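Here is how the chains run, residue by residue.
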Amino acid sequence: QIIALSPSGGLSFESFTGVGTATNPVQVIIDVVGYVAAGSQFTATDPTRIVETRTAYGVVGPIPGALVPNTIYPVTLTDTTLIPSTATAVVLNVTAVSPTAFGNLRVYPDTNGLGTTTPPNSSVINYIPGRAIPNMVIVQIPPDRKIDFFNNQGLPTNRTDLIVDVIGYINAPI
């Protein structure tokens, strides 16, 4: 979710639980994973699939099958006609498909260039077994144009498929 902050840097929440938060409290977790600088320019692209791990649909990209738990999967953004070299961030639609267990997915820049950058503590998708859970994700593009996907899912036998579509990019303010 992208949210514009107030001039003082704040934001507000309102719960529509029906019975009020006094009898039905709402817990909110906010993971701030980045920001878009004022004056930055967003450019939408035709949705373009760069990762598809489901073999029945034809694997696309460098991940040849369902994600296993606690593994980092680097993806290099090589297509500069889709995401120009001037882009500072990429806008993705990321979908966890048919997870076999509860878990979460983390997407972040590969800052060491080795596919071993430690995953952040914040997730971009929290998923439940058997569902397809999408989310829009904005990721800073590091110099080597590599971003990492980390499946935090528990037992070694668990799996989740992954779909990643580029839907746009961001250029820094001029």
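Coordinates for the structure precede this section.
Residues numbered from 1 in each chain as written. Predicted model: local features only at pLDDT ≥ 70, side-chain atom pairs only at ≥ 80, totals over all residues. Heavy atoms only, no water.

**Notes on the overall build of the chain**
(1) Moving on: Across its full length, the chain holds zero helices and eight strands.
(2) Moving on: Listed by position from the N terminus, the elements making up the chain come as β-β-β-β-β-β-β-β.
(3) Moving on: For 174 residues, the compact-globule estimate of 2.2 N^0.38 gives 16 Å, and the chain sits close to it at 17 Å.
(4) Moving on: Taken over 174 residues, the chain has a buried fraction of 39%. (Helix = DSSP H or I, 4+ residues; strand = E, 2+ residues; numbered from the N terminus. Rg over C-alpha atoms; globule rule 2.2 N^0.38 Å. Buried < 20%, exposed > 50% of the residue type's maximum accessible area, 1.4 Å probe, protein only.)

**So, the pattern of salt bridges**
(1) Moving on: Throughout the structure, instances matching the rule amount to three salt bridges.
(2) Moving on: For Asp165, the salt bridge goes to Arg49, with nearest N and O atoms at 2.7 Å. Separated by 116 residues along the polypeptide, Asp165 in strand E8 (residues 161-171) and Arg49 in strand E1 (residues 41-52) bring together distant segments of the chain.
(3) Moving on: In this structure, a network of salt bridges that share partners links the residues Arg49, Glu52, Arg54 and Asp165. (Salt bridge = Lys/Arg side-chain N within 4 Å of Asp/Glu carboxyl O.)

**Quick word on a nonpolar patch on the surface**
(1) Moving on: On the surface, Ile3, Leu5, Leu11, Phe13, Val26, Val28, Ile30 and Val32 cluster together into a nonpolar patch covering about 780 Å² of accessible area.
(2) Moving on: Along the chain, Phe13 turns up in the segment before E1. (Patch = residues over 30% accessible without salt bridge, like charges linked within 9 Å, V, L, I, M, F, W, Y side chains within 5 Å. Areas by Shrake-Rupley, 256 points an atom, 1.4 Å probe, with all protein chains shown as cover.)

Worth remembering: the numbers are spatial, not functional.
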